[in-house]
Amino acid sequence: MNIYLIGILIGITIYLFIGFYAGRFVKDLNDYYVSGHNSGTLLITGTIFASMLSTNGFMGDVAYAYTGHVTTLLIINTLCACGYIIGALFFGRYIRRVKVKTMPSYFGQRYDSRLLQRISGIIVVVSLSAYLLSVIQGTGLLMETLTGADKFTCLAIAWVSILSFTLWSGSKGVIIVDTAMCICFLLSTLLVGYYVFDYTGGINNIVINLLNNPHTPEGLFSYHGSLDGGTIFEAIAYAFTLGVVWLITVAVSPWQAGRNLMAKSEHVIFRSSVLSAILTVFFLLYLYLIAIAIIPINPDVGAPEQIMIWATYHLVPEFAGVFLLTGILSAGLSSATTFLSVVSFSVANDIFDIKFETEKEQINFTRIVVFVISLIAFVVAYFNLASIRVIAWFASTIIAASWGFIAFASVWSIKITRRGAIYSMIGGFIGYLLFKILIQIEYIISPSWLDPFFIGVFISIVLGIVGSISQKPSLGELNYYDKIHALEPSEINLNSYKKSLLYGDLLIISGVLLIAILLYYWVYPMQLYSF
C-alpha cells in the first residue's frame, strides 16, 4: 500500500465520518431532499463549485490549457461565471420561494401539470445518469493511476464512498461533504502551485520563460489561443459559443441552480453566486497557470490530462502531492454525489407517482432508489461500455437546451401556458439530441458557432410560443406565478441587504483585480519581450 493510497483512504474516511454525522440531523423529507432549505453561503458555494469542477477541471481542462488554449478557457470561464449571477438574480431566488424539493416538481407545480414534472424528471435522469457514469468511471481510472490497484477495487471504493455520502444523509450530508471536498482541492491546489511556481522561477517569470522557450505552443498568449489548424474566427467563435452554453447551463441546471433550493434565504443565493463566479474565474486561472508553467520543464508529458499528476510526482514534496491527489479525487467524488442525489430524487419524487402515507416511507423508498441507481452505475462502469462516453458527450448540456427557455419564461412570462411548456421542453430535448447525433456522425456539417445547443434552444422557444397560442393560463398557473413573485417578509432586512451589497462590491473589485493581474503578469511581460 503506497502513501498515495493511504492519503486517499484517510480523506475518504474523513468524508464518510462527516456524511454519517450529518445524517443524524435528517428529521424529515425536506432535510433529506433540500437540507431543510436552511444552508448558508459557505455550504451553497462549496456544493456548487465542487459539483461544477469535477475531475475534468483538473485533467481535461488543464490538458487543454497545457496544449495552448489558456485564453479560450479564460473566455469560457468568464462567461460561465456570469451564469451564476444571472441565474441567481433571475431564476434561482424565485424557485426557492415556493419551497419545492426538486426542480422538476417546480415545473410541474408552476404549470399545474404532473406530465410536465415527469418529462422534466426524465430529462434529468437521462442527462445526469450519463454524467454519473462518466464521473464514476473517471474517478476509478484516476484511482488506478494513483494507487496501482486493480479496476474492481478502485471502482468499488469509489462506489461505496459515493453511496455512503448520499444514502444515509441525503442532501444534508452531500452539501457538507461537497464543501469539505471543495476546501480540500482549493487548499491543495494553492499549495502545489506555490511549489511549482517556486521550482520554475516564480510566477512573475512564467510569461518570459514561455516566450523564450521553443516548445511553447504557438499562440499560447494570443487573444485567440492556439488555432490547431483552424482560423482565428473559428477559435473565438468556439470560445464564446461554449461560454454562452455554460452560462445558461449553470443558470438553470438542477446540479447547479438546483442547489439554490437548499439556501436559507435569497441573500445566501446571491452571495454564493458571487463567490462561485469569483472561484470559477480566479481559481481556474491559477490552475491553468500551474499547467503552463510546467511546459519549459516538460514540454511533452505524453498524456496532457496527467500533467497535474506528473507535477505531484516530480515537482512538489510528497505530502503536498498526496494532498493534491486527494483533492483531485475529491473533486470527482463530489460531482458524483451531487449527480447521484439529483437523479435519485427525480426518480423517486418526479417520475414515480407513488402516494406515501408518511414522509419516512418516502425517505426509505428514496434510499432504495439511491442504492439501485448507484449499483447500476457501478456495474456499467466496471464493464466499461463504450456507449458511456458517447452518452456523456451527448448529455453535456442537454438539460439547459431542453428547459433553459422555459425556466426563465416560468418566472417572467404569464403568456407561456401548460401546453406551451410541454411542447417547449420536449422540442428542446429532441432537437438538441437529434442535431448532436447528426453532426457527430457527420451527416450534416455545422459551423463552430452554431452549436446544437442553440438549435435545441431555438426549437424550444418556437414550440413554447406556438404551443401557447389559443390557450390561456389556468387559474392555478396564474396563482403560482403570483406566488413566486411574492417576497417573503423575512427577506426584508436592512442588515442583510447591506451585507449582500458588500458582495456586489466584492464582485466589482474582483473584476478590476482580474484586469490588473492580467496587465501586470501577462501584458507587461509581453511588452518587455517585444522590445
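Residues numbered from 1 in each chain as written. Predicted model: local features only at pLDDT ≥ 70, side-chain atom pairs only at ≥ 80, totals over all residues. Heavy atoms only, no water.

K.L.:
Let's hear about the environment of Val-26: which residues, and what values?
P.N.:
Along the chain, the position of Val-26 falls in the loop between α1 (3-23) and α2 (29-34). For Val-26, a relative accessible area of 15% corresponds to the buried category. C-alpha separation for the pair Val-26 and Tyr-194, spaced 168 residues apart in sequence, amounts to 40 Å. Setting aside residues up to four positions removed in sequence, Val-26 forms contacts with Asp-31, Tyr-32, Ser-169 and Lys-172. (Helix = DSSP H or I, 4+ residues; strand = E, 2+ residues; numbered from the N terminus. Buried < 20%, exposed > 50% of the residue type's maximum accessible area, 1.4 Å probe, protein only. Contact = heavy atoms within 4.5 Å.)

K.L.:
Would you mind going over the packing of aromatic side chains in detail, with residue names and values included?
P.N.:
A full pass over the atoms with the stated rule returns 33 aromatic pairs. Ring centres of Tyr-21 and Phe-25 lie 5.3 Å apart, and the angle between their planes is 70 degrees; this geometry places the pair in the edge-to-face category. Looking at Tyr-21, the relative accessible area reads 43%, which means it is partly exposed. According to the relative accessible area criterion, Phe-25 is partly exposed, its value standing at 41%. Pairing Tyr-520 with Tyr-521 gives two aromatic rings, centres 4.9 Å apart and planes at 90 degrees, and the pair type is edge-to-face. Overall, the relative accessible area of 31% leaves Tyr-521 in the partly exposed class. (Phe/Tyr/Trp six-rings, centres within 6.5 Å; stacked < 30°, edge-to-face > 60°.)

K.L.:
Quick one: what's the story with the nonpolar core, residue by residue and with numbers?
P.N.:
In summary, soluble globular proteins display a tendency toward joint burial of nonpolar side chains. Counting 155 residues, the largest nonpolar core has Phe-58, Phe-91, Tyr-106, Leu-128, Phe-185, Trp-403 and Ile-406 as the members making the most contacts within it. For Tyr-106, the contacting residues outside a window of four places in its chain are Phe-91, Ile-95, Val-98, Val-100, Ser-410, Val-411, Tyr-480 and Ile-484. (Core = buried A, V, L, I, M, F, W, Y, C linked by side-chain atoms within 4.5 Å.)

K.L.:
Outline the pattern of salt bridges, listing residues and values.
P.N.:
Oppositely charged side chains can form a pair if their charged atoms are brought close together. Evaluation of the coordinates by the stated rule reveals eight salt bridges. In this structure, Arg-97 engages Glu-266 in a salt bridge whose closest nitrogen and oxygen atoms are separated by 2.5 Å. Here Arg-97 is found in helix α5 (residues 70-97), whereas its partner Glu-266 is found in helix α12 (residues 266-293), with 169 residues between them in sequence. This pair shows no difference in class: Arg-97 is buried, exactly as Glu-266 is. In this structure, the salt-bridge partner of Arg-418 is Asp-112, at a minimum N-O distance of 3.7 Å. Residue Arg-418 is found in helix α18 (residues 418-440), and its partner Asp-112 is found in the loop between α6 (103-110) and α7 (114-147); the two are separated by 306 residues along the sequence. What makes Arg-418 partly exposed here is its relative accessible area of 24%. (Salt bridge = Lys/Arg side-chain N within 4 Å of Asp/Glu carboxyl O.)

From the geometry alone we can't say anything about function, so treat these as descriptive.
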